[in-house]
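Commentary on secondary and tertiary structure
Residue strings, one per chain:
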Amino acid sequence: MLARLAASEPTTVWFRLWDKVIGKPNLQNAFWKVWRNQGSAGVDGQSVRQFEERLDRELERLSRELHERSYRRQPARRKWIDKPGTTEKRPLGIPTVRDRTVEAAVRNVIEPIFEHDFCASSYGFRPGRSCQQAVAKVEEWLREGRVWCVDADLKSYFDTIPHCPLMDRIRKRVVDGNVLALVEQSLKAGVMEELKGWESTKQGTPQGAVISPLLANIYLHPMDQEMERRGWALVRYADDLVVLCRSQEEAQEVMNFLSGWTEAAGLTLHPTKTRIVNAVEEGFDFLGWHFRGTRKWPREKSLQKLREKLKPLSRRTQGGSFGEVISKLNRTLRGWYGYFRYCHAVHRQEPDAWLRRRLRAMLRKREKRPGYGRTEADSRRWPNRWFAKQGLFSLEHGSCNYG
């Protein structure tokens, strides 16, 4: 299949894919991808670990149902999660482990077909592509003098993708009816929410479903193609996109195109988050960074999200040894630093100082003393070099060796 794919054209259609989807090696590979991502149980209450304990029987059952065309997907479990920096919540649809395995099996087979077509301007949820690459491309365009930015946001994109046009775009490359039926089951299975019961999904593809990122990229691919054809500097990560322009007039032309295209596609540009901005004078946020001219630093929401992760690990009443506390904090700190290390160290000083104040308050509490670790005496007693000796990772220095 991959050999044929390398020689295929964007107009090539694929017929016989069903045997590849339901093959036992593909189902096994699909489950291990689900296993690596872990995640919560779906409406059936079965966890990834429980599925793994009965793996041979579960995969045999799935294989039999798929061969007999008797497989029926269950609704996704609806869960609402916080949106950092706002009071809003985002709906998450969590399929069962067996349904995630089937979705992964379908994605394994059809993803290479669409990857063959996708544009270079698309970075989100694609093999071998990353946020860091998208950020680097934005910096490249800014250095070329493209300082007028169309900062666009698709309102509730995953929840509003129209099903019929999406399936039409899939059929341009995949015409195996059995495979298409599985994709449609994923789209139309609905969601189940506690106290509310089952709700149909007449549009959208649930965030949390394995196949959703691929479907989201498929639906926006024609937009990517048209913007590429017009020579515009698009950088898109799923539904988060910016277009870097040389003039305000060009930026307005891009904005007019986006308004018309999204309306025709049944989507909506967010009325307050979509704007034209001068990157030198005002700057813009993208993928966790704030860009200003040719410089960048972590945006305020990224810092707030970090603090929200660290707070429950650094409470004054935190249990466990101090070494255990440091170990848990370091996992979050190293991960955050891994993404934001390419900015001036001055922008990483504040979260370091904030965390050390919380740890000093914890140490005072363990000595049964009141206070919140903000006094000069506390800083002398537990200076920065003391925390370095305890092994606390520093965002400013990018290591545990500082002070």
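Notes on the structure follow.

The next thing to look at is the pattern of salt bridges. Counting across every chain of the model gives 26 salt bridges. Where E65 meets R61, a salt bridge forms, and the shortest distance between an N and an O atom there is 3.2 Å. One end of the pair, E65, and the other, R61, are both in helix α5 (residues 55-67), four residues apart, so they sit about a helical turn from each other. Judged by relative accessible area, which is 14%, E65 ranks as buried. Accessibility expressed as a relative area gives 34% for R61, which makes it partly exposed. When the shortest N-O distance is used, the salt bridge between R173 and D117 registers 2.7 Å.

A complete count under the given rule lists one cavity of 30 Å³ or more for this structure. The volume enclosed by the largest cavity comes to roughly 60 Å³. Lining the largest cavity are Y71, R73, D99, V102, E103, V106, L182, V183, Q185, S186 and I211. Looking at the lining of the largest cavity residue by residue, the classes come out as six nonpolar, two polar and three charged.

Moving on: the sheet that holds strand β1 (residues 76-82). As summarised here, the arrangement of the four strands in space is β2-β1-β4-β5, forming an open sheet in which the pairing is mixed. Both edges of this open sheet fall to β2 (89-94) and β5 (197-199), since each of them pairs with a single strand only. Ignoring strand direction, the axes of neighbouring strands in this sheet form an average angle of 40°. Strand direction decides the pairing type here: strand β4 (residues 191-193) and β5, joined by three bridges, are antiparallel. Its bridge partner being in β5, V191 is matched across the sheet by E199.

Turning next to the packing of aromatic side chains. One pass over the full model with this rule turns up 14 aromatic pairs. Measuring from centroid to centroid gives 5.5 Å for Y337 and F393, while their planes differ by 65°, and the two rings are edge-to-face. Of this pair, Y337 sits in helix α14 (residues 322-340) while F393 is found in the segment after α17 (384-389), placing the two residues 56 residues apart along the sequence. For Y337, a relative accessible area of 19% corresponds to the buried category. Residue F393 is classed as buried on the basis of its relative accessible area of 4%. Between Y339 and F340, the aromatic rings sit 4.8 Å apart at their centres with planes inclined by 85°, giving edge-to-face as the arrangement. Residue Y339 is classed as buried on the basis of its relative accessible area of 18%. Each residue in the set F31, W32, W35 and F51 is aromatic and connected to the rest through ring pairs, giving one cluster. One residue, R129, lies across the ring of Y123, its end atom 4.3 Å from the ring centre.

With 13 residues, helix α7 (residues 131-143) extends 19 Å between its outermost C-alpha atoms, agreeing within 8% with the 18 Å of an ideal straight helix rising 1.5 Å per residue. Taken as a whole, α7 has its buried residues at C131, A134, V135, V138, E139, W141 and L142. Down the axis of α7, the buried set is contained in an arc of 160°. They therefore lie on one face. As for α7, its buried residues are in contact with β6 (233-237), β7 (240-245), β9 (284-286), β10 (289-292), β11 (295-298) and α14. In the stretch just after α7, G145 is the one whose phi turns positive, near 95°.

This part takes up the nonpolar core. In a soluble, globular protein the nonpolar side chains are often hidden away together inside. By size, the foremost hydrophobic cluster in this structure holds 66 residues, and its most contacted members are I170 and L258. For this core, the leading source of residues is helix α6 (residues 97-115), giving nine residues. With residues near it in sequence (within four places) discarded, L258 still touches V150, A152, M223, M227, L241 and L269. If you look at the next biggest cluster of nonpolar residues, it comprises 46 residues, including V235, F291, F387 and F393.

What counts as what
Going along each chain's sequence as written, the residues are numbered from 1 onward. Where local features are concerned, this predicted model is filtered to residues with pLDDT of at least 70; where side-chain atom pairs are given and counted, the filter is 80 or more; whole-chain, interface and lining totals use all residues. Calculated side-chain values reflect all of the structure's heavy atoms, with hydrogen atoms and water omitted. Any Lys or Arg side-chain nitrogen found within 4 Å of a carboxyl oxygen on Asp or Glu counts as a salt bridge. Under the DSSP-based scheme used, a helix requires at least four consecutive residues in state H or I and a strand at least two consecutive residues in state E, with every element numbered from the N terminus. Partly exposed residues are those whose accessible area sits between 20% and 50% of the maximum for their type, while under 20% is buried and over 50% is exposed, using a 1.4 Å probe and protein chains only. The pocket and cavity definitions rest on a 1 Å grid over protein atoms only: a 1.4 Å probe that fits but cannot leave marks a cavity, an open set with protein on both sides within 12 Å along at least five of seven lines marks a pocket, and residues lining either have an atom within 4 Å of a point. Grid points are joined across faces, edges and corners, and a volume is the space filled by probe spheres set on the points. When residues are sorted by character, Ala, Val, Leu, Ile, Met, Phe, Trp, Tyr, Cys and Pro go into the nonpolar class, Asp, Glu, Lys and Arg into the charged class, and all the rest, Gly among them, into the polar class. Any two strands are treated as partners once DSSP identifies two or more bridges connecting them. Helix axes use the C-alpha atoms of the stretch in contact, all axes being lines fitted to C-alpha atoms, and the angles between their N-to-C directions lie in the range 0 to 180 degrees. Only Phe, Tyr and Trp rings take part, Trp by its six-membered ring, and two of them pair if their centres are within 6.5 Å. Stacked means planes under 30 degrees apart, edge-to-face means over 60, and tilted covers everything else. Should the NZ of a Lys or the CZ of an Arg lie within 6 Å of a ring centre and within 35 degrees of the ring normal, that charge is described as sitting over the ring. By definition here, a helix of n residues has an expected span of 1.5 Å times n minus one. By construction, the arc corresponds to the directions joining the helix axis to the C-beta atoms. Residue contacts are counted whenever heavy atoms from the two residues lie within 4.5 Å of one another. For our purposes a nonpolar core is just a set of buried Ala, Val, Leu, Ile, Met, Phe, Trp, Tyr and Cys residues, chained together by side-chain atoms within 4.5 Å.

Without other data, these values stay purely geometric and don't point to any function.
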